[in-house]
Amino acid sequence: MQHPAAFENLSREDRRFAPTEEFAEAANVTAAAYAEASADNLAFWAKQAERLTWAEPFTQTLDWSTAPFAKWFVGGTLNVAVNCLDRHVAAGLGDRVAYYFEGEPGDTRVITYSQLTDSVCQAANVLTSLGVKAGDRVAIYMPMIPETVIAMLACARLGAIHTVVFGGFSADALKTRILDCDATVVITADGGFRKGSVSPMKPTVDAALLGCPAVRSVLVVNRAGNDVDWMPGRDVWWHESVEAASPVHAAEAFDSEHPLYVMYTSGTTGNPKGILHTSGGYLTGCSFTQWEVFDLKPETDVYWTAADIGWVTGHSYIVYGPLSNATTSVLYEGTPDSPHQGRWWEIVDKYQVTTLYCAPTAIRAFMKWGHETLANYSLESLRLIGSVGEPINPEAYMWYREHVGHNRVPVVDTWWQTETGSIMISPLPGVTHGKPGAAMKALPGIVADVVDDDGVSVPNGTGGYLVITEPWPSMLRTIWGDDQRYVETYWSKFPGTYFAGDGAKRDDDGDIWLLGRVDDVMNVSGHRLSTTEIESALVSNPKVAEAAVVGAADALTGQAVVAFVILRSEAGDGGPHVVHELRMHVANQIGKIAQPRQIMIVAELPKTRSGKIMRRLLRDVAENRPVGDVTTLADTSVMTTIAAGISTGM
Ligand code: WT7
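Residues numbered from 1 in each chain as written. Predicted model: local features only at pLDDT ≥ 70, side-chain atom pairs only at ≥ 80, totals over all residues. Heavy atoms only, no water.

Moving on: the nonpolar core. Grouped together as the largest cluster of nonpolar side chains are 106 residues, with contacts concentrated most on Val319, Tyr320 and Leu323. Examining the composition of this core, we find that 9 residues originate from one element, helix 7 (residues 146–158), more than from any other. Leaving out residues up to four positions away in the same chain, tyrosine 320 has contacts with Val80, Cys84, Met152, Leu153, Ala156, His162, Leu260, Tyr261, Tyr282, Leu283, Cys286 and His315. In terms of nonpolar packing, the next biggest core, distinct from the first, is built from 47 residues, Leu174, Cys181, Ala183 and Val586 among them. (Core = buried A, V, L, I, M, F, W, Y, C linked by side-chain atoms within 4.5 Å. Buried < 20%, exposed > 50% of the residue type's maximum accessible area, 1.4 Å probe, protein only. Helix = DSSP H or I, 4+ residues; strand = E, 2+ residues; numbered from the N terminus. Contact = heavy atoms within 4.5 Å.)

As structure tokens, this is what we get:
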């Protein structure tokens, strides 16, 4: 574990940005919310849960008697899909737009709440006919299209547990996830569009399913028109089944703690963790925070989370938060530079987007492409912009504020995780005087702290580990199938307290700055990757004897994967073709997102006397820094050998 004190001290930041008076006056949440929550946290959350429509009201807000296994809103029952759809239609909002869908090739669809409700009922009827029942697992491997949302909500409607696997993952990665949660049905598409061409998806599913005998049905959306192999009896076309099914479906209410979904994320060990979220608490968290942090005005806002539904950001702030609040959202299939680098800004102007939520890595890409592109667009519809996924450096924050927000709208830097389910630390846009690069304060109802190695709160001006000291409604309930790993990973470093795995600093005003992971987890373009998982992938190639992976600072992606590899003698010295082969190998094993930026072939790796690889020293090499303290190395000459080998291009 890397001690957070190792992080560079932040330069002093004196800039503050207050909301305009007009914004503050009309804001959904005022400073009183902090006081209200700290007076009685559980009463605060019980009140927020009233945003939802319960079939049976809950009788107890929190049951923490078997901590860290939480039960929220005990005794309550609800249907998540009904909360996202039917109740809005029943309230007369059926004609409100739920999504403006913008496909990458430029095709568009406008989907209202009534239409979405009908489609979800149709899909639920088809899933039922395929034998899906409450509690079953359904894997979803899709491009960013409306059917992805429909598939998720159809599962939720039936009480089936979805696991959405990011479309960039390989067949192997998909297989691991399907097997881990024992999914019996997969929903996919023939392909999606990416950077102007078709990116096939069904072949990846077919390959994954060679190793998943329990999967009996594959529901396939016809999106990209690419040729696909077909397995009669197993494969079912969406347009032939869902679009022909009855739009009438009576939804059952489920227990507040009924599982909603499993989302896999990288941990410190090789196999990904299936983070389990349940119904009432999760939906309360997404719904309340979307309204609170984005100052949501559902009647007039056009809200756009520019993220992929395959990650938690998409689950909470493209699907469950926005729909539960009857929001009109933009759903965009493609990449920011397809077909041109102004695509996002064109979308903002076209749909008059009021709220944009994206990752710092995207902002840094736009910075690189130049702000001149943005000058061709008005962007005057925007009234709030947000950032998520990784620390936002002050330069990127200032650029975002100036060139996207025109120095006029609040910027919210929101910290949270797959595990937390919804935003935890963030400015309140109508209250906080934001600082560039700081997530500022735990939201009302969330109790966060920064502690030292002994779990003691650090004084202002110091760094430590970020922890959350009280349970919260949208918290993960466990790791799928592994309660013990849940307890060990999150609740054992500081017993009774949630350990997030992030370093943080509290500045002189007591505001929180996130400093990055303190474990072997990297953050590349806002995506979480495990060093161990990539090392295992490399070592599974017969040419590799040993591998060490580090996350090195990268101006565009935040961190980049850098691998140090010792080849087996029969593999030779490792020319460019071997490096290429190893990069392809990682793409096949995990996915393109995990491909190392650099692979350095070395003769030895720096290890302590107990055999532990000293990644800190490798990070020094990867970031072109003088190598730090080597005295704990078993062989202190190793670093000289590595440095010499790299400079001679070995
Ligand atoms: C990790 C969680 C939450 C949605 C996307 C990522 C980092 C997230 C911030 C932020 C600094 C951030 C943390 C965290 N992170 N948001 N605003 N400032 N760091 O979800 O894949 O579960 O990753 O992302 O390191 O632990 P995730």
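Back to the text.
What follows covers the packing of helix 5 (residues 86–93) against helix 6 (residues 113–129). Axis separation between helix 5 and helix 6 bottoms out at 9 Å; the angle between their running directions is 145°. Here helix 5 runs over helix 6; the crossing is left-handed. On the side of helix 5, the interface is formed by Asp86, His88, Val89 and Leu93, while helix 6 contributes Tyr113, Ser114 and Thr117. (Axes fitted to C-alpha atoms, helices over the stretch in contact; angles between N-to-C directions. Left-handed = near helix turned anticlockwise from the far one by under 90°.)

Here the focus is the domain arrangement of the protein. As far as domains go, the protein holds domain 1 (109–249) and domain 2 (525–648). Residue-level contacts link 7 residues of domain 1 with 8 residues of domain 2. For the domain 1 and domain 2 pair, buried surface summed over both sides reaches about 460 Å², with 50% attributable to carbon and sulfur atoms. Grouping the amino acids of the side of domain 1 that touches domain 2 by side-chain chemistry returns 3 nonpolar, 2 polar and 2 charged. (Domains from an automatic or database assignment. Buried area = accessible area lost by both parts, 1.4 Å probe. Nonpolar A, V, L, I, M, F, W, Y, C, P; charged D, E, K, R; others polar.)

Here the focus is the sheet that holds strand 4 (residues 97–102). Here 7 strands make up an open sheet; going across it, the order is 5-4-17-16-18-19-20 and the pairing mixed. On the outer flanks of this sheet lie strand 5 (108–112) and strand 20 (411–414), each paired with one strand and no other. Between one strand and the next, the sheet's axes are offset by a mean angle of 20°, whatever the strand orientation. Of the pairings in the sheet, the one linking strand 16 (residues 302–305) to strand 18 (residues 355–358) comprises 3 bridges and is parallel in character. From the neighbouring strand, threonine 305 faces strand 18, where its bridge partner is tyrosine 357. Helix 7 contacts strand 4, strand 5 and strand 17 (328–332) of the sheet and is inclined by roughly 30° relative to strand 5. Set on the sheet, helix 15 (residues 394–404) makes contact with strand 18, strand 19 (384–388) and strand 20; between it and strand 19 the angle comes to about 155°. (Pairing = 2+ DSSP bridges.)

So, on to the sheet that holds strand 25 (residues 512–517). Ordered by their spatial adjacency, 4 strands build an open sheet running 21-22-24-25, and the pairing between neighbours is antiparallel. A strand with exactly one partner marks an edge of an open sheet, and here the two such strands are strand 21 (448–451) and strand 25. Taken pair by pair, the neighbouring strands of this sheet meet at an average axis angle of 45°, ignoring direction.

All chains considered together, the criterion is met by 37 salt bridges. Lysine 202 is paired through a salt bridge with aspartate 206; the nearest N and O atoms lie 3.1 Å apart. Of this pair, lysine 202 and aspartate 206 are both found in helix 9 (residues 202–209), 4 residues apart, which corresponds to roughly one turn of the helix. Comparing lysine 202 with aspartate 206 shows no difference in burial state: the two are buried. The closest approach of N and O atoms between aspartate 509 and lysine 435, which form a salt bridge, is 2.7 Å. Highlighted residues: aspartate 509 in the loop between strand 24 (498–506) and strand 25 and lysine 435 in the loop between strand 20 and strand 21, separated in sequence by 74 residues. You can call aspartate 509 partly exposed: its relative accessible area is 46%. Looking at lysine 435, the relative accessible area reads 1%, which means it is buried. If you follow the salt bridges from partner to partner, you end up with Arg16, Lys435, Lys441, Asp507, Asp509 and Asp511 in one network. (Salt bridge = Lys/Arg side-chain N within 4 Å of Asp/Glu carboxyl O.)

So, about the side chain of threonine 163. Topologically, threonine 163 is positioned in strand 7 (residues 161–164). A relative accessible area of 1% means that threonine 163 is categorised as buried. Residues within four places of threonine 163 in sequence aside, it is in contact with Val138, Ala139, Ile140, Cys181, Val262 and Tyr264.

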